[in-house]
Amino acid sequence: MAGTEEMPAEEEETRNWAEMPRDALLAVLQKLGHADVLTGVELVCRPWCRAAREEPELWRRVDLRRRAALSFAPHVHLAKVARAAVTRAAGRCEAFWAEDIGGDSFVFFLGHTAPKLKSLRLISCTFSTRGLNGALRNFPVLEELELSLYSGAAAASGFCDLGETCAVAAEACPLLERLRLSKYRFHRLSGIGDSEATAIARMRGLRSLQLFGNSLSDAGLAAILRGCARLESLDIRHCFNVDVKDETRAMCARLKTLRLPDDSMDGYDLAFGSPEINPGRAELGFAVPDSPEMNYGFRGDILWDSW
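Residues numbered from 1 in each chain as written. Predicted model: local features only at pLDDT ≥ 70, side-chain atom pairs only at ≥ 80, totals over all residues. Heavy atoms only, no water.

**What about helix 10 (residues 218-227)?**
The condition is simple: A simple rule labels every residue: compare its accessible area, found with a 1.4 Å probe on the protein chains alone, to the largest value its type can have, and call it buried under 20%, exposed over 50%, or partly exposed in between. Numbered from the N terminus, helices here are DSSP runs of H or I no shorter than four residues, and strands are runs of E no shorter than two. Here a residue-residue contact requires only that any non-hydrogen atoms of the pair lie within 4.5 Å. Polar contacts, as counted here, are pairs of nitrogen or oxygen atoms within 3.5 Å of one another; within protein the pair requires one atom able to donate a hydrogen and one able to accept it, and residues that are adjacent in sequence qualify only if both atoms are side-chain atoms.
A large share of helix 10 lies buried, amounting to 7 of its 10 residues. Turning to helix 10, the residues buried within the fold contact helix 9 (195-200), strand 6 (208-210), strand 7 (233-235) and helix 11 (246-251). N-cap assignment for helix 10: the residue whose side-chain oxygen lies 3.3 Å from the backbone N of Ala219 is Ser217.

Listed below in structure tokens is the structure:
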């Protein structure tokens, strides 16, 4: 309207994120992935940096698997990031999950810095047998252990004998209830091997066991079932040295959950290859899941709910 002055627009309200209440800030940080907190949050402002570094509760459970690591800048060294995360837990770390991490210096560090560790999941990681076994001896309250797609120093022809490590875990981790040793594929050339099964049979408190692509035999399976009286869930998919006859099914009748060598791969959450089957047995072909879309079955505080 002519002769009428325009009223100045109201200034938009701005928020000073540095003044966010501490409890609200911690709630936000707990929703973020540990990779994001370590590589980005600390650059926002000093209060955010202090909260990320001075609150051990944020690091009680550290998840640095591949999905979390996708946000890493190319120059970030995963082992250094993992070391920083465990350090900030100030001895209170109860769960550490990582993928594609290696080096005995880190696993030695973890063994001496996280004495209260209850859950250890290592996927596609590279440690020597000595380094891994040394760390396990420092986890007396460990309840869950995963060493999947393991590529330790003893690995050869695509497979690795973890019998010695299982023996150490059986002795050093008396509270162990869940064990997962998933290999990438079943190998015909690996023959029959029960070293891992024999050691697992000494894990008296074991409740859940997954041995994907393992070379154990009927005798190894029988030893596990005899030794692990509390076992409730058993997954031996792609363990094609096990001859599934009526006798085998009878041994497993007490289990609540059972997956046998030829069972469907539905719900399996790691990459895997088509098995190399012994001559005379039909070849079985399976698609390899797309790694970026892998579902690890992780929901908040629920551990290992996918198997």
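**Some words on the packing of aromatic side chains**
What counts here: Two rings from Phe, Tyr or Trp (for Trp, the six-membered ring) form a pair when their centres are within 6.5 Å of each other. A pair whose planes differ by under 30 degrees is stacked, one over 60 is edge-to-face, and the rest are tilted. Should the NZ of a Lys or the CZ of an Arg lie within 6 Å of a ring centre and within 35 degrees of the ring normal, that charge is described as sitting over the ring.
Summed over the entire model, instances satisfying the criterion amount to 6 aromatic pairs. When the ring of Phe96 is compared with that of Phe106, the centres are 5.4 Å apart and the planes differ by 40°; the resulting orientation is tilted. Here Phe106 lies in helix 6 (residues 104-113) and Phe96 lies in strand 2 (residues 95-99), a separation of 10 residues in the sequence. In this pair, the class of Phe96 matches that of Phe106, namely buried. Ring centres 5.7 Å apart and planes at 80° place the aromatic pair Tyr268 and Phe272 in the edge-to-face group. Three or more aromatic residues link up through ring pairs in this structure, and these residues are Phe96, Phe106 and Phe109. Stacked on the ring of Phe109, the Lys or Arg Arg83 has its end atom at 4.4 Å from the ring centre.

**So, the sheet that holds strand 1 (residues 61-64)**
The line we're drawing: For two strands to be treated as a pair, DSSP must find at least two bridges joining them. Axes here refer to lines fitted to C-alpha atoms; in helices the fit is confined to the stretch in contact. Angles between the N-to-C directions go from 0 to 180 degrees.
Spatial strand order, 1-2-3-4-5-6-7-8: 8 strands in an open sheet with parallel pairing. Whereas interior strands pair on both sides, the edge strands pair on one side only; in this sheet they are strand 1 and strand 8 (257-259). Here the average twist between neighbouring strands, direction ignored, is 5°. Across 4 bridges, strand 1 lies against strand 2 in parallel orientation. Paired with Arg61 across the bridge in strand 2 is Ala95.

**Re the side chain of Arg65**
As for its position among the elements, Arg65 is in the loop between strand 1 and helix 4 (66-69). One polar contact links Arg65 to Asp63, side chain to side chain, over a distance of 2.8 Å.

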